[in-house]
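Working through the structure, step by step
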Amino acid sequence: MSDLTYKIIVGLEIHVQLNTRTKMFCGCALSFGEEANSRVCPVCLGLPGALPVMNEQAVENAILAAMALNCEIASFTKWDRKGYYYPDLPKNYQISQYDLPLGGPGYIEIPLDGGKTKRVRIRRAHLEEDAGKNLHTSGYHSQVDLNRAGTPLLEIVTEPDLNSPEQVRALAVELQRIVRYLGVSEADMQKGHMRFEPNVNLVIERGGQQFKTPIAEVKNLNSFRALERSVAYEARRQLDDFLETGRTMQMGNKSTRGWDDVNEVTVLQREKEEAHDYRYFPDPDLVPVTPSEPWLAKIRSRLCELPVQREVRYVQEYGLSAYDAGVLTADRSTADFFEEAVKLGASAKRVCNLLTQLGLKLAKDRNSDLAGLGLDPAGVADLAKMIEAGTISASAGNTILTAMVETGKKPDALAEELNLIQKSDVGELERILDQVLAENEASVTEITTGGKKAQKARGYLMGQVMQKTKGQANPKIVADLLSKKLGS
Ligand code: ZN
Ligand code: MN
């Protein structure tokens, strides 16, 4: 038993709702939280004779996302019907893409600890329609809300390149950043905009032999936490099952499991259906899509620097910590704000501190982003420069940033108004320091004789200068003067 080692193998399927104005194949508006069945029409209700029309914006956004995932874009892609017999999709089929997806193969770079990245291969990316929602909330019957039915859904399938629950989570978080940067999805987990289905198994080495456990697919996870924990749970469960039964992967013993969020366990749902169970066939109501070069070029022009690239660049170019770089690049508006301030000549580290230590907290408290606070990059850049120049202290900088949000005034005006400008006049500070030295001979002696309390005495004298200047002395200048007079 002691020679047993194992490796976790995970491939991930992700469904991302695209934030188009209307549904995938009809003109119904996409809007969350409306009265049940108020956003439906003959097409998404699946009424006989209703004909679907492809939403061009959805296809463009799906192709853009696929491009960001380094996917090859198909020159010919088509729509297929996938058999689906549940009340939340009343046509009895889902329009999807089977053998000719719009994108793939490709890859995604995910950030790992210590500023490293890992490349995970993408098998395919295709577009389909979402189902409605079955509601089991009242007594002896169920209800269905079809507002969501027909929402454009981008399905992304990775190769089984992920080897830990943390990596699986990192990929999910990275994908959320990417689709948000591109503006193709709000990717709000609370609203079910992203759903995950990890396929998990183990490769076990024991006594020079290799064993593979049967693959389990965990369905429909809608939080990063559930995703990470379900993978960790599956790894433990499969190892236990192997040790107990010796069961290994055979043809067709893949299973589907659900996640019990309360007990944090996966529960067997069914043994796996095969692709032929879905009875895919080409949809006769929709024409295939053959993207032209000019159209693809137009879509490609919307690509931007990806968040993971920015994160790495912030560490290398600005010398920020990996942690700070991650915080600043978490969303595009913050990263853009930061870079604009730096472009205006402010120190990256100062701007970073102002934003990560205070700005983002103020934004979060007000359920907003930095721009929503009324801040602009020029104002924050000016503030950072004032700190850098010693005009104000770093802590006064925080006071002023808060006041900028509250009053909308400029930082230099606030520094005057709030009396926060540091005294940096060397002559004046020297005069005050001389007075303090004359009044505190005991402390001076302590320092000049190098006594045990020299450090403490130094602090005391600094404090006296601060008191005489009402906290406005530039501490660096005072410390320099003190060293010059009494030796360091
Ligand atoms: Zn409709
Ligand atoms: Mn799907």
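Remember, it's a predicted structure, so these values are computed and weren't measured experimentally. (Residues numbered from 1 in each chain as written. Chains lettered and ligands numbered in written order. Predicted model: local features only at pLDDT ≥ 70, side-chain atom pairs only at ≥ 80, totals over all residues. Heavy atoms only, no water.)

This next bit is on the coordination of the manganese ion (ligand 2). Within the protein, H15 (NE2), E128 (OE) and E155 (OE) serve as the donor atoms for the manganese ion (ligand 2), at 2.0 to 2.2 Å. Of note, the manganese ion (ligand 2) draws all its donor residues from one chain, in the sequence arrangement H-x112-E-x26-E. Of this pair, E128 sits in strand β5 (residues 117-129) while E155 is found in strand β8 (residues 152-158), placing the two residues 27 residues apart along the sequence. Here E128 and E155 have matching classes, each one buried. (Donors = N, O, S within 2.8 Å, 3.2 Å for Na, K, Ca; no water. Helix = DSSP H or I, 4+ residues; strand = E, 2+ residues; numbered from the N terminus. Buried < 20%, exposed > 50% of the residue type's maximum accessible area, 1.4 Å probe, protein only.)

Right, let's get into the coordination of the zinc ion (ligand 1). Looking at the metal site, the zinc ion (ligand 1) is ligated by C26 (SG), C28 (SG), C41 (SG) and C44 (SG), spaced 2.3 to 2.4 Å from it. Taken in sequence order, the residues that donate to the zinc ion (ligand 1) follow the motif C-x1-C-x12-C-x2-C. Of this pair, C28 sits in the loop between β1 (5-17) and α1 (56-68) while C44 sits in the loop between β1 and α1, and the two are 16 residues apart along the sequence. Of the two residues examined, C28 and C44, each falls in the buried class.

Further remarks concern the packing of helix α12 (residues 426-439) against helix α15 (residues 475-486). Across the interface, α12 lies against α15 with an axial gap of 10 Å and an inter-helix angle of 55 degrees. Comparing their axes, α15 and α12 come out oblique. When you trace α12 past α15, the crossing you get is right-handed. Where α12 abuts α15, its residues V426, L429, E430, L433, D434 and L437 lie against I477, V478, L481, L482, K485 and L486. Classifying every residue of the contact of α12 with α15 by side-chain character gives nine nonpolar, no polar and three charged. (Axes fitted to C-alpha atoms, helices over the stretch in contact; angles between N-to-C directions. Parallel < 35°, antiparallel > 145°, perpendicular 65-115°, else oblique. Left-handed = near helix turned anticlockwise from the far one by under 90°. Contact = heavy atoms within 4.5 Å. Nonpolar A, V, L, I, M, F, W, Y, C, P; charged D, E, K, R; others polar.)

Once that is clear, we can look at the packing of aromatic side chains. Scanning the model with the defined rule gives 10 aromatic pairs in all. The interplanar angle of 65 degrees and the centroid separation of 5.0 Å between the aromatic rings of Y84 and Y86 together place this pair among those described as edge-to-face. Three or more aromatic residues link up through ring pairs in this structure, and these residues are Y98, Y278 and Y280. Just above the ring of Y278 sits the side chain of K82; from NZ or CZ to the centre is 4.4 Å. The lysine or arginine in question, R119, covers the ring of Y107, its NZ or CZ lying 3.7 Å from the ring centre. (Phe/Tyr/Trp six-rings, centres within 6.5 Å; stacked < 30°, edge-to-face > 60°. Lys NZ or Arg CZ within 6 Å of the ring centre and 35° of its normal.)

As for its position among the elements, Q210 is in strand β10 (residues 209-212). Expressed as a C-alpha distance, the spacing of Q210 and L4, which sit 206 residues apart in the sequence, is 9.9 Å. Residues contacting Q210, with those up to four places away along its chain left out, are V203, I204 and E205. Side chain to side chain, Q210 and E205 meet in a polar contact 3.1 Å long. (Polar contact = N/O pair within 3.5 Å; in protein donor to acceptor, adjacent residues only side chain to side chain.)

This paragraph deals with the domain arrangement of the chain. As far as domains go, the chain holds domain 1 (4-295), domain 2 (307-417) and domain 3 (426-486). For domain 1 and domain 3, the distance between their C-alpha centres works out to 66 Å. (Domains from an automatic or database assignment.)

Quick look at the nonpolar core now. Counting 106 residues, the largest nonpolar core has F196 and F338 as the members making the most contacts within it. Residue contributions to this core reach at least three from each of two domains, namely domain 1 (4-295) and domain 2 (307-417). Those residues within four positions of F196 in sequence are excluded, and the remaining contacts are L12, E13, I14, A172, M189, V218, K219, N220, L221, S223, F224 and L227. (Core = buried A, V, L, I, M, F, W, Y, C linked by side-chain atoms within 4.5 Å.)

What follows covers the side chain of E311. Note that E311 resides in helix α5 (residues 307-318). Ignoring any residue separated from it by four or fewer positions in sequence, one finds E311 in contact with P111, R177, A322, A325, G326 and T329.

Charged atoms that come close allow side chains of opposite charge to pair. Under the defined criterion, the tally for this structure stands at 38 salt bridges. Across the salt bridge formed by K298 and E60, the nearest N and O atoms sit 3.3 Å from each other. You can see K298 sitting in helix α4 (residues 293-300) and its partner E60 sitting in helix α1, a full 238 residues away along the chain. We classify K298 as partly exposed; its relative accessible area is 48%. Here K254 and E217 are joined by a salt bridge, their closest N and O atoms 3.7 Å apart. Linking K254 in the loop between α3 (224-245) and β12 (255-260) with E217 in strand β11 (residues 216-218), this pair joins segments that are 37 residues apart in sequence. Under the relative-accessibility criterion, K254 is labelled partly exposed at 24%. With a relative accessible area of 2%, E217 lands in the buried category. Connected through shared salt-bridge partners, E305, R310, R313, E317, R332, D336 and E339 make up one network. (Salt bridge = Lys/Arg side-chain N within 4 Å of Asp/Glu carboxyl O.)

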